[in-house]
Amino acid sequence: MQPLVGVIMGSQSDWETMEHCCSTLESLGIAFEAKVVSAHRTPDLLFDYAATAFDRGLQIIIAGAGGAAHLPGMCAAKTHLPVLGVPVQSKALNGMDSLLSIVQMPAGIPTGTLAIGRAGAINAALLAASMLSNQDAEIRQALLAYRAAQTERVLAQPNPGQE
Ligand code: RP5
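Residues numbered from 1 in each chain as written. Predicted model: local features only at pLDDT ≥ 70, side-chain atom pairs only at ≥ 80, totals over all residues.

**Let's talk about the UniProt feature "domain: PurE" (unreviewed entry) in the protein**
And step 1. UniProt tags residues 3-154 as "domain: PurE" (unreviewed entry).
And step 2. As a span, residues 3-154 carries 48% helix and 15% strand, and end to end its C-alpha atoms are 32 Å apart. (UniProt positions renumbered as here; feature names shortened; annotations may be inferred. Helix = DSSP H or I, 4+ residues; strand = E, 2+ residues; numbered from the N terminus.)

What follows is the structure in structure tokens.
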């Protein structure tokens, strides 16, 4: 299947976080590709990836990075596609560095910014699904089913401490 979503991350070490994004996309039946592309260590690869993304059929890019997290912003600078940034929880500053690096884009080149870590990785996939769902009935049904199942799980176990 032609990937609709490109998931990129700055390092192999980001996979622990970004695998939650990929497994969520998978569970929704959304075709995606996942690659390590570093803004700092492979800048030419990043430029090429972002510049060719639209022509290759991608509709959304999700970029996870930690520390001085330039990946989502630099990616957004090289493509008009929506870029969703996931701040990876860094060891030194617990992800505050990643969050601020991604969220504080100057006016003109936006990046959507999710929560730090696993929650942000999952929500990036769900947000991508929402963005695709107006044009794609299968993705819309999968997203609605995901949300309904989540609601069911909570309602089925209202008593705390009994999971
Ligand atoms: C960033 O530097 C990556 O996104 C990663 O979160 C962080 C640390 O990378 P490694 O030193 O673990 O490869 O570019």
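**Some words on the environment of alanine 65**
And step 1. When you line up the elements, alanine 65 lands in strand β3 (residues 60-65).
And step 2. Overall, the presence of 31 C-beta atoms within 10 Å leaves alanine 65 in the buried class.
And step 3. In this structure, the C-alpha to C-alpha distance between alanine 65 and leucine 93, residues 28 residues apart in sequence, is 13 Å. (Buried ≥ 20, exposed ≤ 12 C-beta atoms within 10 Å, placed from the backbone.)

**Observations regarding helix α2 (residues 43-53)**
And step 1. Leu46, Tyr49, Ala50 and Ala53 are the residues of α2 that are buried. For α2, the angular spread of the buried residues around the axis is 90°, confining them to a single face. Residues Asp44, Ala51 and Thr52 are exposed on α2 and point more than 90 degrees away from its buried face.
And step 2. Among the structural elements, β1 (5-9), β3 and α3 (71-77) are those in contact with the buried residues of α2. (Arc of directions from axis to C-beta. Contact = placed C-beta atoms within 7 Å.)

**Focus: the nonpolar core**
And step 1. Counting 44 residues, the largest nonpolar core has Val5, Cys21, Ile62 and Cys75 as the members making the most contacts within it.
And step 2. Once residues lying within four places of it in the same chain are set aside, the contact partners of cysteine 21 are Val7, Ile62, Gly64, Val86, Ala121, Ile122, Ala124 and Ala125. (Core = buried A, V, L, I, M, F, W, Y, C linked by C-beta atoms within 7 Å.)

**Quick look at the UniProt feature "binding site: substrate" (unreviewed entry) in the protein**
And step 1. Following the UniProt record, one finds the feature "binding site: substrate" (unreviewed entry) at Ser11, Asp14 and Arg41. For the residues just named, distributed over 31 residues, the greatest C-alpha separation is only 14.3 Å, placing them together at one site.
And step 2. Assignment of secondary structure puts aspartate 14 in the loop between β1 and α1 (15-27).
And step 3. Judged by local crowding, aspartate 14 falls into the buried class, with 24 C-beta atoms found within 10 Å.
And step 4. Ignoring anything within four residues of it in the chain, the contact list for aspartate 14 reads Met9, Gly64, Ala65, Gly66 and Val88.
And step 5. Looking at where arginine 41 falls in the secondary structure, it is placed in the loop between β2 (32-36) and α2.

**Section: the sheet that holds β2**
And step 1. What the 5 strands build is an open sheet, ordered β2-β1-β3-β4-β5; its pairing is parallel. Looking along the sheet, the strands with just one partner apiece sit at the ends: β2 and β5 (112-113).
And step 2. Here β3 runs beside strand β4 (residues 83-87); their pairing, made up of 5 bridges, is parallel. Residue pairing across strands places glycine 64 opposite valine 86, the latter belonging to β4.
And step 3. Strands in contact with helix α5 (residues 118-133) are β1, β3, β4 and β5; relative to β4, the strand with the most contacts, it is inclined by about 165°. (Pairing = 2+ DSSP bridges. Axes fitted to C-alpha atoms, helices over the stretch in contact; angles between N-to-C directions.)

**Comments concerning the packing of α5 against helix α6 (residues 137-156)**
For any two helices packed against each other, the geometry is given by the interaxial angle and the distance between the axes.
And step 1. In contact at an axis separation of 8 Å, α5 and α6 are set at 135° when each is read in the N-to-C sense. The orientation of α5 with respect to α6, classified from their angle, is oblique. Viewed along their axes, α5 and α6 form a crossing whose handedness is left-handed. For the pair α5 and α6, contact is made by Ala129, Ser130, Leu132 and Ser133 and by Ile139, Arg140 and Leu143, respectively.
And step 2. Of the residues contributing to the contact of α5 with α6, the split by class is 4 nonpolar, 2 polar and 1 charged. (Parallel < 35°, antiparallel > 145°, perpendicular 65-115°, else oblique. Left-handed = near helix turned anticlockwise from the far one by under 90°. Nonpolar A, V, L, I, M, F, W, Y, C, P; charged D, E, K, R; others polar.)

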